[in-house]
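# Working through the structure, step by step
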Amino acid sequence: MLKIRMSSPRLQAQTPRPGSRVAIIGGGYTGAIIAKLLAERGIRDIEEVTVFEPREQLGSGLAYDVKNIDVRLNVAAHRMRAIPGAPTAFLDWLQTSGTLTVDPQAVTQEGIFARRRDFGRFMQSKLAPHLDSGAVRHIRHAIRIVERENEQWRICGADGTIVMADILILATGHPPASRPPVVDRLSASATSRIKDVLAADAFNEIGKCDPVLIVGSGLTAIDALCRLKALGHTGTVSLLSRTGLMPRPHAGGGFSPFGDFNSTDLTSARKLLSKVRATIRDAQAQGIPWQSVFDALRQHAPSLWQALPMRERQKFLGRLRRWYDVHRYRMPPQGAAILGRGIDTGWVRLKTGDLVSVTEDRQELLAGLETREGRTEFRCRHILLATGPDFLNYAAHQRFLLGMHRDGFIQSDPLGLGLACDFAGRALTVAGTPDTTLFVGGPPARAAFGELTGVPEIAAQAASLADRIIGCCARETRTIVISPTM
Ligand SMILES: Cc1cc2nc3c(=O)[nH]c(=O)nc-3n(C[C@H](O)[C@H](O)[C@H](O)COP(=O)(O)OP(=O)(O)OC[C@H]3O[C@@H](n4cnc5c(N)ncnc54)[C@H](O)[C@@H]3O)c2cc1C
């Protein structure tokens, strides 16, 4: 009697030791790092890793597929920790690739803040050997339909390509920003002057002296300011924020994370806030900046988030999220300097309020703002939307996701943060059970993790996802008994 290991009796005649086929939809940073790890760590158990990504390069995605050189990472290079097991890989690459020679402005007192485009180039360099060897296959098409067929995933690309996979990973990243309904009732010519700042043509029509209103005041708005500055814009730029809160700057001095957030008692948003405030007081008493407290908080985010009951998570999102975000997502020093100088010279004006109407007045747009002082009107020529990706009802934002939802494979998470999944990244079906063949990677999985937007957090999730998938694949290669007469 002969014993062999195989993943499926169907494949018995083809290979004595087949592995699983993994498909990843989305080849931004998340899809790319998962593919890289699967190719390196799953060499024995994974037969094929296919990444569907319409962009030319893997590893860039929305954040790093930028042509211009004016937008920078908002995290210092030594903190990017993009490659699990090689925490200084990006810093090393910056130094050895000559990138810092071309871009000496990246070096600041607060650390090295490289161009976002260069991080994309770094990721491409890390993926290149796997693409060259064939361990990772890049199919440059968007996915339109995903179905289940004979215990496999049947994945159909926009061009008709069909790939069958045992394991499917959804790494579709950031959805587009939602447009405020008030901008959709305008003529075509007015609508063409209201753009998502992340759109490729967002700045094309803006004249140097045109007054611009940026809706939103987070890091995306700071990027827009940097871009306008680089284009030589001299008209006024107004940043409209609902809360009046702006991203905070980084601290120099190379301080380590400060604070112990391991307590099991932090089970409400209020307790968490008190603990953060107390820790900041302790830090400042020792001459340590508050930024170090947020760095420690960020490291403990998954366990803190999981300790919060659902009601408290909702409270956090409703009352503390914006406050948390402006401290956590900090401006690169170069962007902070542009903002500071802009305010000083009057180029940039900060406004607090809600955009409640937009009308046309000859060549201008008249924005109606609801502020604390009442309703005001504001004239501008262009409106840039920097409100950030809209994760609400994630399962409905693409046709193939909607189809998977209708078939019961996925559901949006109830907090509006992405897709429902467990801490292992397994997608929860409509019935609420984890699917062992379907995973969610990166930002859409953050409802389970609390904090899953920055590269270091995604890298950590990617590593554990890759190990789990490889573990599953290894277990699924089961021993079957074949008679010698076969
Ligand atoms: C503007 C911006 C700046 C940032 N800056 C920093 C920073 O400085 N430091 C930091 O740590 N983090 C930063 N982040 C956060 C972080 O790096 C991102 O969250 C991360 O890159 C997420 O990558 P992703 O691959 O999950 O998503 P995305 O970058 O959104 O990529 C998703 C990819 O999926 C593809 N896709 C979507 N649907 C389909 C489909 N149907 N078929 C095939 N492909 C599909 C898209 O083409 C896209 O390329 C930034 C994020 C943004 C948006």
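Residues numbered from 1 in each chain as written. Predicted model: local features only at pLDDT ≥ 70, side-chain atom pairs only at ≥ 80, totals over all residues. Heavy atoms only, no water.

### Notes on the site of the ligand
Heads up, the condition is: The cutoff for a nearby residue is simple: one of its non-hydrogen atoms must lie within 4 Å of the molecule or strand. Definition of a polar contact: a pair of N or O atoms within 3.5 Å, with one able to donate and the other able to accept a hydrogen when the atoms are protein atoms, and with sequence-neighbouring residues admitted only if both atoms are side-chain atoms. Reported accessibility uses the Shrake-Rupley method at a 1.4 Å probe radius. Residues are deemed covered only where the shown protein chains occlude them.
Within the structure, the ligand sits among 33 residues, and T30, E53, Y64, N74 and T453 are positioned closest to it. The contact in question runs from an oxygen atom of the ligand to an N or O atom on the side chain of T30, over 2.6 Å. Contact between the ligand and V455: an oxygen atom at 2.9 Å from a main-chain N or O atom of the residue. Within the complex, 92% of the 1000 Å² of free accessible area of the ligand lies under protein.

### Quick notes on the state of the cysteines
In plain terms, the rule: The criterion for a disulfide is a pair of cysteine sulfur atoms lying within 2.5 Å. Each residue is assigned to one of three classes by its accessible area relative to the maximum for its type, calculated with a 1.4 Å probe on protein chains only: buried under 20%, partly exposed between the two thresholds, exposed over 50%.
Counting across every chain of the model gives zero disulfides. Distance from the sulfur of C209, which forms no disulfide, to the nearest cysteine sulfur (C380) is 15 Å. Judged by its relative accessible area of 61%, C209 is exposed. In this structure C473 is not part of a disulfide, and its nearest cysteine sulfur, from C472, lies 6.5 Å away. The buried category is assigned to C473, whose relative accessible area is 1%.

### Looking at the confidence of the model for the protein
Put simply, the rule reads: The quantity called pLDDT is the predictor's confidence in a given residue, expressed from 0 to 100. By definition in these notes, contact holds between two residues if any of their heavy atoms fall within 4.5 Å.
Looking at the protein as a whole, its pLDDT mean stands at 91, while 94% of the residues score no less than 70. Low confidence marks residues 1-17, where pLDDT is under 50. Its contacts with residues over four positions away, or in another chain, come to 40 contacts. The low-confidence segment residues 477-486, where pLDDT is below 50, has 25 contacts with residues more than four positions distant or belonging to other chains.

### Observations concerning the side chain of R298
For the record, the criterion: Runs of E in the DSSP output that reach at least two residues are strands. Runs of H or I that reach at least four are helices, and both are numbered from the N terminus.
With respect to the helices and strands, the residue R298 is situated in helix α9 (residues 290-299). The class for R298 is buried, based on a relative accessible area of 14%. Within the local environment of R298, its side chain forms a polar contact with the side chain of E457, the two groups lying 2.6 Å apart. With sequence-adjacent residues up to four places away left out, R298 is seen in contact with Y324, R328, E451, G454, P456 and E457.

### Quick look at the domain arrangement of the protein
Operational definition: Boundaries of every domain are those given by an automatic assignment or by a domain database. In this description, buried area is defined as the sum, over both parts, of the accessible area (probe of 1.4 Å) that is lost when the two are combined.
Structurally, the protein comprises domain 1 (20-176 + 390-475), domain 2 (181-248 + 330-385) and domain 3 (269-328). Each of domain 1 and domain 3 has a C-alpha centre, and the two are 27 Å apart. On the side of domain 3, 13 residues touch domain 1, which itself brings 14 residues to the contact. Summing both sides of the interface, domain 1 and domain 3 together bury roughly 1100 Å²; the carbon and sulfur share of this comes to 53%. For domain 1, the biggest contributors to the area lost against domain 3 are L415, L417 and E451; these three give 42% of the whole.

### Section: α9
At 3.6 residues per turn, the α-helix brings residues three or four places apart onto the same side. Within α9, nine of the ten residues are buried, leaving the element largely enclosed by the surrounding structure. Every buried residue belonging to α9 is among W290, Q291, S292, V293, F294, D295, A296, L297 and R298, and all of these are buried.

### Remarks on the environment of F261
Summarising the element assignment, F261 is placed in the loop between β13 (237-241) and α8 (269-285). Measuring from C-alpha to C-alpha, the distance between F261 and Q299 comes to 9.0 Å, with 38 residues separating the pair along the chain. Setting aside residues up to four positions removed in sequence, F261 forms contacts with L266, K275, V276, T279, V293, A296, L297, H300 and L304.

### A word on the sheet that holds strand β8 (residues 152-157)
Inclusion rule: One requirement defines pairing of two strands: DSSP has to find at least two bridges between them. Structural elements are reduced to axes, namely lines fitted to C-alpha atoms, with helices fitted over the stretch in contact, and the angle between N-to-C directions of any two is expressed from 0 to 180 degrees.
Taken together, the three strands give an open sheet; going across it, the order is β7-β8-β9, and neighbouring strands pair in antiparallel fashion. A single partner strand is all that each edge strand has here, and the edge strands are β7 (143-149) and β9 (162-165). On average, each strand axis in the sheet is inclined to that of its neighbour by 20°, with strand direction left out of account. Here β8 runs beside β9; their pairing, made up of four bridges, is antiparallel. The residue of β9 that forms the bridge with W153 is A165.

### Re helix α3 (residues 89-96)
For α3, the complete set of buried residues consists of A89, F90, L91, W93 and L94. The inward-facing, buried residues of α3 abut α4 (99-102), β5 (111-112) and α5 (116-133).

### Side note on the nonpolar core
Our working definition: For this analysis, a nonpolar core means a set of buried residues of the types Ala, Val, Leu, Ile, Met, Phe, Trp, Tyr and Cys, connected via side-chain atoms within 4.5 Å.
In terms of nonpolar packing, the biggest core is built from 78 residues, with L38 and F119 touching the most fellow members. Looking at this core element by element, the count peaks at ten residues for helix α15 (residues 455-476). Excluding residues within four positions of it along the chain, L38 makes contact with V22, I24, I43, I46, V49, I169, A466, I469 and I470. Grouped together as the second largest cluster of nonpolar side chains are 25 residues, L266, L272, A283 and A296 included.

### Considering the packing of aromatic side chains
Threshold: By convention, a stacked pair of Phe, Tyr or Trp rings (six-membered ring in the case of Trp) has centres within 6.5 Å and planes under 30 degrees apart, an edge-to-face pair has planes over 60 apart, and any other such pair is tilted.
Per the stated rule, a full pass over the model turns up 15 aromatic pairs. Between F391 and Y394, the ring centres sit 5.8 Å apart and the planes meet at 15°, which makes this aromatic pair stacked. Taken as a pair, F391 and Y394 share a single burial class, namely buried. Both rings, one in F423 and one in F449, keep their centres 4.7 Å apart while their planes meet at 40°; by these two values the pair is tilted. Of the two residues, F423 is situated in the loop between α13 (399-406) and β19 (426-428) and F449 in helix α14 (residues 446-449); the sequence distance between them amounts to 26 residues. With a relative accessible area of 45%, F423 lands in the partly exposed category. Put simply, the rings of Y29, Y64, F90, W93, F119 and F122 touch in pairs and so form one group of aromatic residues.

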